[in-house]
Structures are given as structure tokens and as C-alpha cells.
Amino acid sequence: MTARVEFFYDLSSPWTYLAFTNLWPMLERTGEQAVLRPILVGGVFNAVNPSVYAAREMTDNRKLKHSWKVLHDWAALAGVEMNFPSKWHPAKSVNAMRFACVLEGDQDALRRFSKAAFESYFGAQENLDDADVLAVVADSIGLDGAMLKAAAQSDDVKARLRANTEEVIARGGYGSPSIFVDGTDMYFGNDQLPLVEAALRRGKP
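Residues numbered from 1 in each chain as written. Predicted model: local features only at pLDDT ≥ 70, side-chain atom pairs only at ≥ 80, totals over all residues. Heavy atoms only, no water.

K.L.:
Any chance you could explain the side chain of Glu6 here in plain terms?
P.N.:
Relative to the assigned elements, Glu6 resides in strand E1 (residues 5-9). On the basis of relative accessibility, which here comes to 15%, the residue Glu6 falls in the buried class. Polar contacts involving the side chain of Glu6 include one to the side chain of Arg171, which spans 2.7 Å. Setting aside its immediate chain neighbours within four residues, Glu6 contacts Val35, Arg37, Glu167, Arg171, Ser178, Ile179, Phe180 and Gly183. (Helix = DSSP H or I, 4+ residues; strand = E, 2+ residues; numbered from the N terminus. Buried < 20%, exposed > 50% of the residue type's maximum accessible area, 1.4 Å probe, protein only. Polar contact = N/O pair within 3.5 Å; in protein donor to acceptor, adjacent residues only side chain to side chain. Contact = heavy atoms within 4.5 Å.)

K.L.:
Would you mind going over the packing of aromatic side chains with me for this structure?
P.N.:
Ring pairs (aromatic) are described by centroid distance and by the angle formed between their planes. If you walk through the whole model with that rule in mind, you get 13 aromatic pairs. On the basis of an interplanar angle of 35° and a centroid distance of 4.7 Å, the ring pair of Tyr174 and Phe188 is categorised as tilted. Residue Tyr174 is located in the loop between helix H9 (155-170) and strand E3 (178-181), and its partner Phe188 is located in strand E4 (residues 185-188); the two are separated by 14 residues in the primary sequence. What links up through ring pairs into an aromatic cluster is the set Tyr17, Phe20, Trp24, Trp68, Phe84, Phe118, Tyr121 and Phe122. Residue placement shows Arg111 over the ring face of Trp24; its charged tip is 3.8 Å from the ring centre. One cation-aromatic arrangement involves Arg171 over Phe180; the distance from NZ or CZ to the ring centre is 4.2 Å. (Phe/Tyr/Trp six-rings, centres within 6.5 Å; stacked < 30°, edge-to-face > 60°. Lys NZ or Arg CZ within 6 Å of the ring centre and 35° of its normal.)

K.L.:
What exactly am I supposed to notice about the pairing of strand E2 (residues 34-38) here?
P.N.:
Walk down a regular strand and you will see the side chains alternate between the two sheet faces. Counted residue by residue, E2 has four buried out of five residues, so it is predominantly covered. In this region the chain leaves E1, passes through helix H1 (residues 14-30) and returns to the parallel neighbour E2; the handedness of that crossover is right-handed. (Right-handed = clockwise from strand over helix to strand, strands pointing away.)

K.L.:
What is the right way to read the environment of Arg98 from this model?
P.N.:
Inspection of the secondary structure puts Arg98 in helix H5 (residues 94-102). Judged by relative accessible area, Arg98 falls into the buried class, the value being 18%. Apart from the residues lying within four places of it in its own chain, the contact partners of Arg98 are Ala152, Gln153, Val157, Lys158 and Leu161.

K.L.:
Would you mind showing me how to read the pattern of salt bridges here?
P.N.:
Opposite charge on two side chains makes pairing possible when the charged atoms of those side chains draw close. Applying the stated criterion to the full structure yields 14 salt bridges. Here Lys149 ties to Asp132 by a salt bridge, and the two come within 2.4 Å at their closest N and O atoms. Taken together, the residues Lys149 in helix H8 (residues 145-151) and Asp132 in helix H7 (residues 131-140) connect sequence positions 17 residues apart. One network of salt bridges, in which partners are shared, links Glu6, Arg37, Glu104, Arg160, Glu167 and Arg171. (Salt bridge = Lys/Arg side-chain N within 4 Å of Asp/Glu carboxyl O.)

K.L.:
Help me understand the sheet that holds E1, please; the structure alone is not making it clear to me.
P.N.:
Neighbouring strands of a sheet are bound in pairs by backbone hydrogen bonds; such pairs are parallel or else antiparallel. With respect to topology, four strands assemble into an open sheet ordered E2-E1-E3-E4, the strand pairing being mixed. The sheet is open, and its two borders are formed by E2 and E4, each paired with just one other strand. Taking each pair of neighbouring strands and ignoring which way they run, the sheet shows an average axis angle of 20°. Where E1 meets E3, four bridges bridge the pair, whose relative direction is antiparallel. Across the sheet, residue Glu6 finds its bridge partner in E3, namely Phe180. Most of the contacts of H1 go to E1, to which it runs at about 165°, and overall it touches E1 and E2. (Pairing = 2+ DSSP bridges. Axes fitted to C-alpha atoms, helices over the stretch in contact; angles between N-to-C directions.)

In C-alpha cells form, the structure reads like this:
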């Protein structure tokens, strides 16, 4: 079966963690599949959405403050541990996303690593950008952490991460997760997953 859903994502985003968690039950309900596409969301923000940084600097931003409350409400609903923000926030994620790119060709392994990395950062409050932490995370789910750590520094993997990031920008994405149905129908974030489900159901013959 061809995957109708593309999920462009960065592991540093709490909203992406929620969308990632809620994606799989939705796919089971619709009988569809998804392909995970690692990106560097900082590269997206720098290119097309720099207002994100300005919003973070506004300490009296009511919308931002309320979003933390809503985030934890969503986490409770999804059944995930959300100890966020931590001392690492805002997290650098380049090492994590390079680890993810190493695994992009093995979608099952990438899904398992992504889940474990989300839990490490948002649950245990571990450093998402520490390659040694990421290697331990990989080892904990039966992957070869040392191999991934070494491979993540290769020029090919670095180029893949840049290419994925440039691709989502070119296709209209502006953050994480950017979700595409059937190639061109774009949605953004956890809140829009019901719209993704509706689009998948409309597209069934």
C-alpha cells in the first residue's frame, strides 16, 4: 500500500509529539499509511516563519502563556507525559534529526526511535541534542546507538536533512509537523489531524 500521508517533523516540538502520538490511531481508523520525513524546524523558521522567535521573546504574550495550558490538556488527552518546558528549551535538535535521517529508509525503526526520543526529551527531560543521550535512547529500543551516532555525522545524512527541510519549505510548510495528504493537500499541527482524517476519508474510492 502506498503511503498517502507524509509527516514532516522535528523532535523538539511538543505539539509534534502530540501529533505523532495521535497520528497512528487515526491511520488505523482510516486504513492508511504514513511516511515520516525528518526536518530541521529551525531551518524552516529561519526561511519562512521568523515571527516564532519574536513571539518567544514576548514575556507578556497571553496567547503563548495560554498555549502551555492547552498543551498539557492535549497531553493528558493523548496519554503522554509532558514535562515541558525543561532547562533545555528551546532545544537544539540537529543531532536528533540527523539520527532520524539515518533511519529514514527503515520507517519502522524511525517510528520507534522517534517515540523513544520524544519520551526522553518531553518525559525524562533529557538533552535532545546530546549525541550520547540519543545513542542510549537508540540502544534502549534495540537499535545500534554507536552506529547511528557515527552515521549521523556523514555528509550524506547532513545533506538528506537539508534536502528534507528545503523540500517542506518549497511545498509550503512553515513549521512542525507539516502533514501532506496525497502530495499536495497540506495540514499543520496536532489540532488539524481531524481534518487530515476527513481528507483521507474523502479520497477513498
